[in-house]
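Report on the structure
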Amino acid sequence: MENTQKLIDFIEKSTDCYHTVKTVKEALKKNGFSELKENRGWNLEKGGRYYVSRNSSSLIAFKIPGTEYKAFSICASHTDSPSFKLKPIFELEAEGCVKLSVEGYGGMIMSSWLDRPLSVSGRIVTAENGKIKEQLVNIDRDIAVIPNPAIHISRDINKGYEFNVKRDMCPVAGSRAGALAELVADSAGVPSENIKGFDLFLYNRMRGIIFGTDNEYFSAPRIDDLQCVYTTLEGFIGASNEKRVSVFAAFDNEEVGSGTKQGALSSFLRDVLERINFSLGGNEEKYKIALADSFMLSCDNAHAVHPNYADKADSTNRVYMNGGIVIKYNANQKYTTDAVSEAVVKHVCEKADIPYQLYANRSDMPGGSTLGNLSDEKVSINTADVGLAQLAMHSAYETAGTKDTECMIKFIKKFYETQLTF
């Protein structure tokens, strides 16, 4: 319960990928981590704690052991969630209202965004005297709603409906043109004419809740993948290892394929690991040896068996909320788990006395993908895909198990503390 309540607080502050990184940074600073910049030299010390961000939406933190390091232990998750992004010209005047022109980001359940209190957050960029400056923005109040059509004018809506982003998903945000742009500028504390660019997203304002007759479940926005971001961060901060560099990674753009400069398919992780190695006096040979003995957990949630759609789950590889760590498998390598990495995860779970479950899609239904196999293209190491079971993935309001939050924290902590050799 306590860990899940802290997770709900974390989610409420992490309204978009940029604010997720901001929230992570705050936790790291409180625990003695120093910030590095990619465009500056690194002078790392044994026993040091550091973090570096890219694009303000991805972050990698690491802890260096006090002795010579042997390998890397890595947990990777993602900071982004499906949402709607404001277009460059985002106001539409229509029928006495001002609507917002948006496009979909990632694969969302569009109907779940209807009739909910929404607001806008993200970043703005200013340019003055040749200096480019980013600033985060969160209009921390209810701003918009995407209203459903009344049943009286859409009689067949309960028989199924194909939503069109341009027509159906434009939020109503007021009655005065220019008002939202003014709110954004006021929130940033800058003149509106100084704003030269922005990345702004809608987010669901509904706070997470814990529910169930025995408080077994919780619902919140962005559980995928902020539950994994939070639990891997907590396990990372609380663990220690005197032989391996512990690495926490949170990448942006997983929901749209990871193929960006800040995504898992980018050079970000490789760049950081190489700079750690070279700053500590290692050469190319040392780096290659370390990678061969390293391990990564790709952490992204899995589909729990839905009680109303149980036939959609595999007949044997079925997972449930509050059932513990989910180990994910896919023959076509959408997930990276193989016999070696499966054994590692089971070994760590057993050492931590944590239950685990085995997940695979129904063989006649394609599943989703995640970031582990993409990251491995740049940093090829033993990797397993794990997560926690949840319902309503990619809804604006998802559901998961309260017990699993604590399970994951304990599992991640034990993973970072485990000595592995291959």
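These remarks concern the structure in this document.

What follows is about the overall build of the protein. If you tally the helices and strands in the protein, you get 10 helices and 19 strands. Here the C-alpha radius of gyration of the protein, 22 Å, is about what a compact globule of 422 residues would show, namely 22 Å. Taken along its principal axes, the extent of the C-alpha atoms in the protein is 65 × 60 × 35 Å. Taken across its 422 residues, the protein has 54% of its residues classed as buried. Restricting to contacts in the protein with at least 6 residues of sequence separation, those with at least 24 account for 78%. Here the protein displays about 18700 Å² of accessible surface, and carbon together with sulfur accounts for 48% of that area. Once the 49 positive and 55 negative side-chain charges of the protein are each reduced to a mean point, those two points are 3 Å apart.

Across the sheet, five strands lie side by side as S10-S11-S19-S18-S14; this open sheet has mixed pairing. In the strand order of this sheet, the two ends are held by strand S10 (209-211) and strand S14 (302-303), each with one partner. As defined by bridge partners, strand S18 (residues 389-391) adjoins strand S19 (residues 398-401) across two bridges and the pair is classed as antiparallel. Residue Gln390 lies in a different strand from S19, and its bridge partner there is Ala400. Against the sheet, helix H10 (residues 402-417) engages S10, strand S11 (217-220), S18 and S19, with an angle of about 65° to S19.

So, on to unusual backbone geometry. Following Asp224, the chain continues into Asp225 via a peptide bond in cis, with omega recorded as 15°. A positive phi angle, close to 60°, is found at Arg222, a residue other than glycine. Along the chain, Arg222 turns up in the loop between S11 and helix H5 (223-238). Even without glycine at this site, Gln333 takes up a positive phi of about 65°. Structurally, Gln333 is set in the loop between strand S15 (325-328) and helix H8 (339-352). Gln333 sits in the partly exposed class, given a relative accessible area of 42%.

Analysis parameters
Residues numbered from 1 in each chain as written. Predicted model: local features only at pLDDT ≥ 70, side-chain atom pairs only at ≥ 80, totals over all residues. Heavy atoms only, no water. Helix = DSSP H or I, 4+ residues; strand = E, 2+ residues; numbered from the N terminus. Rg over C-alpha atoms; globule rule 2.2 N^0.38 Å. Buried < 20%, exposed > 50% of the residue type's maximum accessible area, 1.4 Å probe, protein only. Contact = heavy atoms within 4.5 Å. Areas by Shrake-Rupley, 256 points an atom, 1.4 Å probe, with all protein chains shown as cover. Lys, Arg positive; Asp, Glu negative; His and termini not counted. Charge placed at Lys NZ, Arg CZ, Asp CG, Glu CD. Pairing = 2+ DSSP bridges. Axes fitted to C-alpha atoms, helices over the stretch in contact; angles between N-to-C directions.

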